[in-house]
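Report on the structure
These are the residues of each chain, in order.
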Amino acid sequence: MSKKGNITNSTSRPRPEEMPERWFLVDAAGKTLGRLASKLAAFLIGKDQPTYDPSVLNKNRVVVINAEKIKVTGNKLAQKTYYRHSGYLGGLKSETLEDVMAKNPAKAIEMSVSRMLPKNKLRKSRLASLKVYNNESHPHEGQKPNKLEI
């Protein structure tokens, strides 16, 4: 038997200031929208790291390029509908995935990743770590992002 004073029953948890900031570059050309979004969501949460803690915000930053070249399977372009409500009577608005892709393909990726993240207080800051661009040019060359194959 050991003395009560010598026993430590604590688990070390990672703190945000201890986690390194990592930048990654993902090319979305030819990738399927849902599969890419689910992998990006898991990566933004930090499930790829051994120090994963669901309550700690990690510092993974992801830059997605070529959003306009993303692939959608089946009839999702015509059938998938996004809804939003203003809160007023008759304030329900809807648009199809085809409309979203025609206006801004980056918005389609952001919305699908956003809806796959946990609905908690860290969701907004995790989504802020995702940068999506329609073509190959992006302003994050200074951070020297590592290429990430998904």
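For the structure itself, consult the block above.
This report concerns the structure included in the present document. Everything quoted here is computed from the prediction, not taken from an experiment.

What follows is about empty space enclosed by the protein. Overall, the coordinates contain 1 cavity of 30 Å³ or more when judged by the stated rule. Roughly 30 Å³ of volume is contained in the largest cavity. Every residue along the wall of the largest cavity is listed here: Pro14, Met19, Ile45, Gly46, Gln49, Thr51, Tyr52, Asp53, Val56 and Asn58.

With that settled, the discussion passes to the sheet that holds strand β1 (residues 22-27). Pairing is parallel in the open sheet, where 4 strands are placed in the order β5-β2-β1-β6. The two strands at the open ends of the sheet, each matched to only one other strand, are β5 (130-132) and β6 (146-147). In terms of strand pairing, β1 meets strand β2 (residues 60-65) through 6 bridges, oriented parallel. Within β2, the position partnered with Val26 by the bridge is Val64. Packed onto the sheet, helix α1 (residues 33-45) meets β1, β2 and β5 and runs at close to 155° relative to β2. Contacting β2 and β5, helix α4 (residues 105-114) runs over the sheet at an angle of about 155° to β5.

What follows deals with the packing of aromatic side chains. Tallying each qualifying case throughout the model produces 1 aromatic pair. Look at Phe24 and Phe43: their rings are 4.8 Å apart centre to centre, the planes differ by 85°, and that puts the pair in the edge-to-face class. Residue Phe24 is found in strand β1, and its partner Phe43 is found in helix α1; the two are separated by 19 residues along the sequence. Just as Phe24 is buried, Phe43 falls in that class too.

Leu40, Val62, Val64, Ile109, Val113 and Leu130 are the most contacted members of the largest nonpolar core, which has 28 residues in total. Elements with a contribution of two residues or more to this core: β1, α1, β2, α3 (97-103), α4 and β5. When residues in this core are grouped by element, the largest group, 8 residues, is from α1. Beyond its immediate stretch of four places on either side in the chain, Val113 contacts Ala37, Leu40, Ala41, Leu44, Leu127 and Leu130.

Bridge analysis of strand β3 (residues 81-85) against strand β4 (residues 92-96) gives 5 bridges, and the strand direction is antiparallel. Its bridge partner lying in β4, Arg84 is registered against Lys93. From the end of β3 to the start of β4, which pair antiparallel, there are 6 residues, and Gly87 there has a positive phi angle of about 100°.

Counted under the stated rule, the structure contains 6 salt bridges. Here Glu95 makes a salt bridge to Lys103, at a shortest N to O gap of 3.4 Å. Judged by relative accessible area, Glu95 falls into the buried class, the value being 19%. One salt-bridge network, held together by shared partners, links Arg15, Glu17 and Glu18.

The rules behind these values
- Residues numbered from 1 in each chain as written.
- Predicted model: local features only at pLDDT ≥ 70, side-chain atom pairs only at ≥ 80, totals over all residues.
- Heavy atoms only, no water.
- 1 Å grid on protein atoms, 1.4 Å probe; cavity = no way out; pocket = protein on both sides within 12 Å on 5 of 7 lines; lining within 4 Å.
- Points joined across faces, edges and corners; volume = space filled by probe spheres on them.
- Pairing = 2+ DSSP bridges.
- Helix = DSSP H or I, 4+ residues; strand = E, 2+ residues; numbered from the N terminus.
- Contact = heavy atoms within 4.5 Å.
- Axes fitted to C-alpha atoms, helices over the stretch in contact; angles between N-to-C directions.
- Phe/Tyr/Trp six-rings, centres within 6.5 Å; stacked < 30°, edge-to-face > 60°.
- Buried < 20%, exposed > 50% of the residue type's maximum accessible area, 1.4 Å probe, protein only.
- Core = buried A, V, L, I, M, F, W, Y, C linked by side-chain atoms within 4.5 Å.
- Salt bridge = Lys/Arg side-chain N within 4 Å of Asp/Glu carboxyl O.

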